[in-house]
Amino acid sequence: MFNAVNNSQLLTLGIQDGVILRGIASHEKAGKPSSEQVRHAASAEFAMAGFLIDPDNLLGMGTGEVAQCLEAAREVTGSNRCYRTLFPGFPEKVAATETATLVIHQIIHYFSYGTWGVMGDTRRWDNEDISVILSNARHLDVKDVREYAQETFLKYSRLTRALSDVELRRMELLAEYLPLSNDDTVEALVSMNHRENMVNIAIFIINARAKGDNDADAMVSLLIERVHHIDTVLRLILARYGREETRGRYSGDGFDLAVHHLSDRDASSVRMAFIPHGVRRGIVNAVVRCTGNGGAFRYDLLVARKRLWARVFNAIHAKSLARSSDRWQGAVDIVYGNVEYNTMNSVVKSHMDNGDAIKAVDAYLEARAFSLLVRNAVALTRVASTKKDAQYVANSIEEASVSHRIPLSTLVSAYNGVMVNGTGLGSTVTIAGHGNIHRESKELPAERKNALLDAISAAMVSQLSKVETELPDVIGVDDDTPVSISAREASLGDRNMEKGERVSLPEDGDTIRLFTHWRNGNYAYVDLDLGVTLVDADFSQSRVITWDNFYYDSSRALAVYSGDITSAPGEKGASEFIDVNIDNAMNHGYRYAIHSVYSYSGQKMCNVDHISGAMIRSGVGDKGDVFDGRTVSTAFTSTADARGIAGFAIDLETRELIWLDINSSGSVGAYSSATSGELLPRIKAEMLAPKLTRGQLMRLLAASHGVPVSDEPVDRELLDNVMHITR
């Protein structure tokens, strides 16, 4: 069934992935087959939006289908929006205008509640330097949506990191197009390298097939007979048979938290639909199987989710099945609170409070919680009372990682956690519903820190020695970019980028033009504030240019602000720009220009219709339109559950864009990455904290196989294959 909203989103997500999707639109929506003239005209329009495509690749697509894809391309780069400025003559005249004039203009706009002074759409299609256009343009391919769905499904199945919100949305929309049988789908799902990805994608496919003629219940039965983690079983059952309890206080976000995050305190938000008898027997078998390991701690996750499990057990009449086995009886007793039980976490905490690192490690080992052991390497080492105990921690981590094939991404994360210890930079973790949390840890003695690094490095070498992909005769190791263990976390952008990844920018541009555009939508008003923070190489010197300090002459010598617009009514909406003069900023000692957008009016970024990004312009002045999609170097829409985001930084010296995708924890009243006092420490940690680099990982790979290294760049395809090592 044609769904205009979902299909528009899917087309947009395809463009982000460098693909025009064919076969989404219904026959009526697709229109007549496109002519040669239409295809060439469309190719030219794609170029105006910043994309290159061969007209012949559009053969077989209808005119309406091509038009929908073109609109998606414009949406991705923001080329379909109306861009207006508050100050007339931006940027050249703003830079030369007296401060008092700018302030008066801004104050009158405030007093008019955002209705006075916004300039009209100043679209001027003067010729831009062709080298700038070509250096920014991205190539697009055309693929059938079913082929793309299968390729994406298989690509995501190999990942050892969690899918980002954007990747999850892409897979959710593609699920109905996946051309695989239940048996083949389940086989691919259970072989996935990342359990959370498997569960999320399985739920998408089950929901999609529940709407059609496919037997979703049969797929659930097949899956729960094959999975080996008790939380996976619970997620699948709740997703298929859980219904929102809408009575009284139980309505709201509780259902989503219970089903998708297994929040036990929100179990009252869930009621269970009828569960078929065949699935009931599968649940019993799955619980018995999944609690077969873990020793004395086998029922830990049942305790942690006992309210949710009680909902499921009530629905399948678990008490009447309790005599089927001793282990099932034990599970029933745990869920209904018939026995006392000490969890692994409580035992580990008790040992660590007593300074007994050895017993804490042994508890992890008994519970077969090997990944948790590795993740808590620093904390366990810190409480060790002697050097011998600290060495026991390091040895146990190495042995557990080698024997049980801890995912390489987990080892990389643990290595980074040890590296950052004692630097004062801390680390940033993202917690659902809470944004980014910045953490510091006490410094370990150098001897203990090195022992941990050696242990984790040895474990990585062991894992890398099992890589079965064909290796080159010589492995390139020239790349100081940190190994990424996460993709875009909070943004839908014009291209796929990993956190910390660098993208080269055009060499001949002399100005960075940051931009943001937004619409009020269903809100009375939305006020987004664009900002840029200039910092030196070690973040010891910084200057912010945003709505509350743009008028200083010293600031305008570095960056020119288009004015603070406080509301964005109608389809035209509102936009803000900041032009950063690259040479002037560098001459003042600044190395990085950091982008930020804050919601002054308090809405979360995920709820605002907006786009933001950067253009590289040359000799701007009054030349060309204030926005030109052909010069966009990156554009993105934040999906963050937060009121402030820092999308990227630009290295002024190397002319590289560094993807950050860091969001605030949701505080109100912060207007830029510097004045909030919140984002800048996280950005500093993200950019400066020591981490395992791609080059270092390739050196470990070479050492594990006895292959020589060279100063050639790292082979990204080889790196991706390495990161896809299975458990």
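Located above this text is the structure these notes cover.
Treat the numbers as computed from the prediction; the structure is a model and nothing was measured. As a convention, each chain's residues are numbered from 1 in the sequence order in which they are written. Thresholds applied to this predicted model are a pLDDT of at least 70 for local features of residues and 80 or more for the giving and counting of side-chain atom pairs; totals over whole chains, interfaces and linings are not thresholded and use all residues. Values shown for side chains rest on all heavy atoms present in the structure; no hydrogens or waters enter the calculation.

Quick look at the pattern of salt bridges
Convention followed: Here, a salt bridge means any side-chain nitrogen of Lys or Arg that lies within 4 Å of a carboxyl oxygen of Asp or Glu. Burial classification: accessible surface area is computed with a 1.4 Å probe over protein chains only, and a residue below 20% of its type maximum counts as buried, one above 50% as exposed, and the rest as partly exposed.
For the structure on display, the rule yields 26 salt bridges. The salt bridge partner of R81 is E75, with a shortest N-O separation of 3.5 Å. According to the relative accessible area criterion, E75 is partly exposed, its value standing at 28%. Salt bridges sharing partners connect three or more residues here, namely E75, R81, R519, E571 and D609.

Some thoughts on the packing of aromatic side chains
In plain terms, the rule: For Phe, Tyr and Trp, where Trp contributes only its six-membered ring, two rings pair if their centres lie within 6.5 Å, and the inter-plane angle classes them as stacked under 30 degrees, edge-to-face over 60, or tilted in between. Numbering of helices and strands starts at the N terminus; helices are DSSP runs of H or I of at least 4 residues and strands are runs of E of at least 2.
Evaluated as defined, the whole model comprises 13 aromatic pairs. For the pair Y83 and F577, a centre-to-centre distance of 5.9 Å together with 55° between the ring planes defines the contact as tilted. Of this pair, Y83 sits in the loop between helix 4 (63-77) and helix 5 (92-96) while F577 is found in strand 16 (residues 574-581), placing the two residues 494 residues apart along the sequence. In this pair, the class of Y83 matches that of F577, namely buried. Centre to centre, the rings of F313 and Y336 are 6.4 Å apart; their planes meet at 50°, and the pair counts as tilted. Residue F313 is found in helix 17 (residues 306-315), and its partner Y336 is found in the loop between helix 18 (326-335) and helix 19 (344-353); the two are separated by 23 residues along the sequence. The class for Y336 is partly exposed, based on a relative accessible area of 24%. Cluster of aromatic residues (ring-pair linked, three or more members): Y83, F90, F515, F577 and F627.

A short note on the nonpolar core
The condition is simple: To define a nonpolar core, start from buried Ala, Val, Leu, Ile, Met, Phe, Trp, Tyr and Cys residues and group those joined through side-chain atoms within 4.5 Å. Any two residues whose heavy atoms approach within 4.5 Å are treated as being in contact.
Residues I20, F46, I237, I283 and W309 are the most contacted members of the largest nonpolar core, which totals 94 residues. A per-element tally of this core places helix 11 (residues 195-210) first, with nine residues. Ignoring anything within four residues of it in the chain, the contact list for I20 reads I15, F46, I53, L58, M61, C69, L140, D141, V142 and K143. With 56 residues, the next largest nonpolar core counts A357, M419, A455 and M698 among its residues.

Let's talk about the sheet that holds strand 11 (residues 502-504)
Counted only if it meets this: By the convention used here, strands pair only if DSSP detects at least 2 bridges between them. Working convention: axes come from line fits to C-alpha atoms, limited for helices to the stretch in contact. Angles between N-to-C directions cover 0 to 180 degrees.
Strand order in the open sheet formed by six strands is 11-21-20-17-13-14, and the pairing between neighbours is antiparallel. Whereas interior strands pair on both sides, the edge strands pair on one side only; in this sheet they are strand 11 and strand 14 (542-545). Geometrically, the sheet is characterised by an average inter-axis angle of 25° between neighbouring strands, direction not taken into account. The pairing of strand 20 (residues 644-651) with strand 21 (residues 656-663) spans six bridges and is classified as antiparallel. Within strand 21, the residue paired with A649 across the bridge is I658. Across the sheet, helix 28 (residues 679-688) lies against strand 13 (528-535), strand 14, strand 17 (592-599), strand 20 and strand 21, angled at about 130° from strand 21, the strand it touches most.

Overview of the pairing of strand 17
Summarising burial for strand 17: eight of the eight residues are buried, a large majority. Bridging between strand 13 and strand 17 involves eight bridges; their strand directions are antiparallel. Each residue of the ladder has a partner; that of D529, found in strand 17, is Y598. Bridge count between strand 17 and strand 20: five bridges; the pairing is antiparallel. Paired with I594 across the strands is A649, a residue of strand 20.

Here's the deal with the packing of helix 3 (residues 36-48) against helix 4
Just so we agree on the cut-off: Each angle receives one of four descriptions, namely roughly parallel if under 35 degrees, roughly antiparallel if over 145, roughly perpendicular if within 65 to 115, and oblique otherwise. Note on residue classes: Ala, Val, Leu, Ile, Met, Phe, Trp, Tyr, Cys and Pro are nonpolar, Asp, Glu, Lys and Arg are charged, and everything else, Gly too, is polar.
One can describe the packing of helix 3 onto helix 4 by two numbers: an axis separation of 10 Å at closest approach and a directional angle of 5°. The angle between helix 3 and helix 4 places the two elements in the roughly parallel class. Counting all contacts with helix 3, which are made through V38, A42, E45 and F46, the residues of helix 4 involved are T63, V66, C69, L70, A73 and R74. Counted by class, the contact of helix 3 with helix 4 contains seven nonpolar, one polar and two charged residues.

Section: the side chain of S263
So the rule is basically this: Contacts described as polar in this section are N or O atom pairs within 3.5 Å, which, within protein, must combine one atom able to donate a hydrogen with one able to accept it, while residues neighboring in sequence count only if both atoms come from side chains.
Inspection of the secondary structure puts S263 in the loop between helix 14 (254-261) and strand 6 (270-272). The class of S263 is buried, set by a relative accessible area of 16%. Here D266 takes part through its side chain, which lies 2.6 Å from a polar atom of the side chain of S263. Residues in contact with S263, not counting those within four places in the same chain, are L257, A258 and L308.

Quick look at the environment of P681
Tracing the sequence through the fold places P681 in helix 28. A relative accessible area of 39% means that P681 is categorised as partly exposed. Distance from P681 to L425, taken between C-alpha atoms, is 7.7 Å for residues 256 residues apart in sequence.

Some points on the packing of helix 8 (residues 145-157) against helix 9 (residues 165-174)
Note the following rule: Left-handed is the label given to a crossing in which the near helix is rotated counterclockwise from the far helix by less than a right angle, and right-handed is the label when the rotation is clockwise.
Interhelical geometry of helix 8 versus helix 9 gives an angle of 135° and a closest axis separation of 10 Å. One way to sum up the angle between helix 8 and helix 9 is to call them oblique. For the pair helix 8 and helix 9, the crossing hand works out as left-handed. Contacts between helix 8 and helix 9 involve V145, Y148, A149, T152, F153 and Y156 from the first element and E167, R170, M171 and L174 from the second. Residue composition of the contact of helix 8 with helix 9, grouped by class: seven nonpolar, one polar and two charged.

Focus: the side chain of D300
The criterion, for reference: A residue counts as positive if it is Lys or Arg and as negative if it is Asp or Glu; His and the chain ends are not included.
Positionally, D300 belongs in helix 16 (residues 300-304). Despite its burial, D300 pairs with no opposite charge, the nearest such side chain being R298 at 9.6 Å. Filtering out sequence-adjacent residues up to four positions away, D300 remains in contact with Y341, N342, T343, M344 and N345.

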